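# Remarks on the overall topology
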Amino acid sequence: MLGERDFRRFYAGYAISLAGSAMSSVALIFAVLGSGGTATGLGYVLAAGVIPQVLFMMGGGVVADRLGRRKVMLGADSLRLAAQAVLAAALFTFTPPIWMFVLLNGLLGTGEAFFTPALTGLTPAIVTPARLADANALLGLAQSLARIAGPALAGLLIALTRPALVVAFDAATYGASLLALAALTIPATARAGQSPWRDLADGWQQFRAHAWLWVITVQFSLFNLLTWAPYLLLGPVLARDYLGGAQAWGLIGSAMAAGAILAGLAMVGRSPGRPLVAAVLGSYGYGAPCLMLFLHAPLAAVAAGAFAAGCGSAVFNAQFSTVLQRRVPAALLSRVAAFDLTGAYALGAAGLAVIGPVAAVAGAGLVLGLAAAYNTVSSTVVLALPAIRAVRSGRPRA
């Protein structure tokens, strides 16, 4: 797989950038909390990273399909490098106000809105069709390796130094990604000929033509509102309150990544007969760390729940991405991915903004218990649908 030159080049830069991002996400949380931020303020900062993805993701998909995926990814990484460099400089010199965290995390989210749909379209262009499933598994593996090493190293560095150093390192890793993207030899894919609105309409038509796609999008839209937003926001708060702070949260993130690594390695070279059934079965794991936090379990038990979530996420992401890339026409792929991602993130942004006040009234434990319950119920409902069970592996792109 890594013998394919363009994939190898991209993979190296992408993996380095992922490591920086995994470290910086922990640093951001504890920089906000260390600056006097509350759970509500942290929710605003995290929501600021998601809202631009909801607003700009569909536009990002259109731009990627029109101008070329690599060109859009270069612009997105340049923006993210600048945002992290400014935040690092601010953290080194003074205590930033919440509005600055919100603004700069919003710029990171804007870069993500353009980068992610472009990545979905770029992957089939840098690997042979027969190796697409393995490429997605390896990309997931890089994400998992970053999540296991990044949070643990970030927690150690934050304890020994300060979050500013971690954020500065993340800025430098975006430079590595820029160099890798610039070295790719794939042909230009820019095109024109019709209006961007027509492009968007074509993407929507293709998106709604696949029942399995919009069903899973709806599932994860509610999942991000009811399960993942509470976990992302209340998890680090409870880690600070009773598990030991940044290092404990880093270990929980590392446990999740360890599960994803093992599951990702197990999937390389394997193709389930019903890939979406395998994907939805994997989604059951997401609720496990929420359940452990609801039970006020010790660190080892929370980490075990996170390990189960990591295993499930690796299976889901690899199988769903491969089905999407094989069944959607290449020229429409970034736009269709943008519709899926926008739908999945839309309610999550609202969740991050309101979970803090809700938890202040109802209690963090109850909110996380409901988060675990929703995840189990939704996965069971989706698994029973014929549209999910009917999708078989190996069918060519439309």
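Let us look at the structure shown here. Every value quoted in this text rests on a predicted model; they were computed, and no experiment measured them. (Residues numbered from 1 in each chain as written. Predicted model: local features only at pLDDT ≥ 70, side-chain atom pairs only at ≥ 80, totals over all residues. Heavy atoms only, no water.)

Summed over all chains, the structure comprises 16 aromatic pairs. Taken together, the ring pairs connect W212, F220, F223, W228, Y231, W249, Y286, F316 and F320 into an aromatic cluster. A cation over an aromatic ring shows up here: R80 above the ring of F115, its NZ or CZ 4.7 Å from the ring centre. (Phe/Tyr/Trp six-rings, centres within 6.5 Å; stacked < 30°, edge-to-face > 60°. Lys NZ or Arg CZ within 6 Å of the ring centre and 35° of its normal.)

Let us now look at the pattern of salt bridges. Applying the stated criterion to the full structure yields eight salt bridges. D202 is paired through a salt bridge with R198; the nearest N and O atoms lie 2.9 Å apart. Taken as a pair, D202 and R198 lie in helix α7 (residues 196-208) at a separation of four residues, close to a single helical turn. Owing to a relative accessible area of 38%, R198 belongs among the partly exposed residues under this scheme. Ionic pairing is found between D199 and R335, a salt bridge with its closest N-O pair at 3.6 Å. With D199 in helix α7 and R335 in helix α13 (residues 333-362), this pair connects stretches of sequence that are 136 residues apart. Grouping residues by exposure puts D199 and R335 together as buried. (Salt bridge = Lys/Arg side-chain N within 4 Å of Asp/Glu carboxyl O. Helix = DSSP H or I, 4+ residues; strand = E, 2+ residues; numbered from the N terminus. Buried < 20%, exposed > 50% of the residue type's maximum accessible area, 1.4 Å probe, protein only.)

Turning next to the environment of I388. Relative to the helices and strands, I388 is located in helix α15 (residues 386-389). Among the residues examined, I388 registers a relative accessible area of 0% and is labelled buried. Spatially, the C-alpha atom of I388 lies 8.6 Å from that of V280, the residues being 108 residues apart in sequence. Each residue touching I388, except ones within four places of it in the same chain, is listed here: W212, V215, I216, L276, V277, V280 and V382. (Contact = heavy atoms within 4.5 Å.)

Residue position: D77 is located in helix α3 (residues 69-93). We classify D77 as buried; its relative accessible area is 0%. Here R80 takes part through its side chain, which lies 2.6 Å from a polar atom of the side chain of D77. Excluding its chain neighbours within four sequence positions, the residues that come into contact with D77 are F115, Y174, S177, L178 and L181. (Polar contact = N/O pair within 3.5 Å; in protein donor to acceptor, adjacent residues only side chain to side chain.)

With that out of the way, let us pick up the nonpolar core. Among soluble globular proteins, nonpolar side chains are generally buried collectively. Counting 87 residues, the largest nonpolar core has F101, W212, Y231, L276, L324 and I388 as its most contacted members. The element contributing the most residues to this core is helix α8 (residues 211-243), with 14 residues. Leaving out residues up to four positions away in the same chain, L324 has contacts with T120, W212, L213, L333, V336 and A337. The next biggest cluster of nonpolar side chains, apart from the first, holds 27 residues, and it includes A22, F115, A118 and A146. (Core = buried A, V, L, I, M, F, W, Y, C linked by side-chain atoms within 4.5 Å.)

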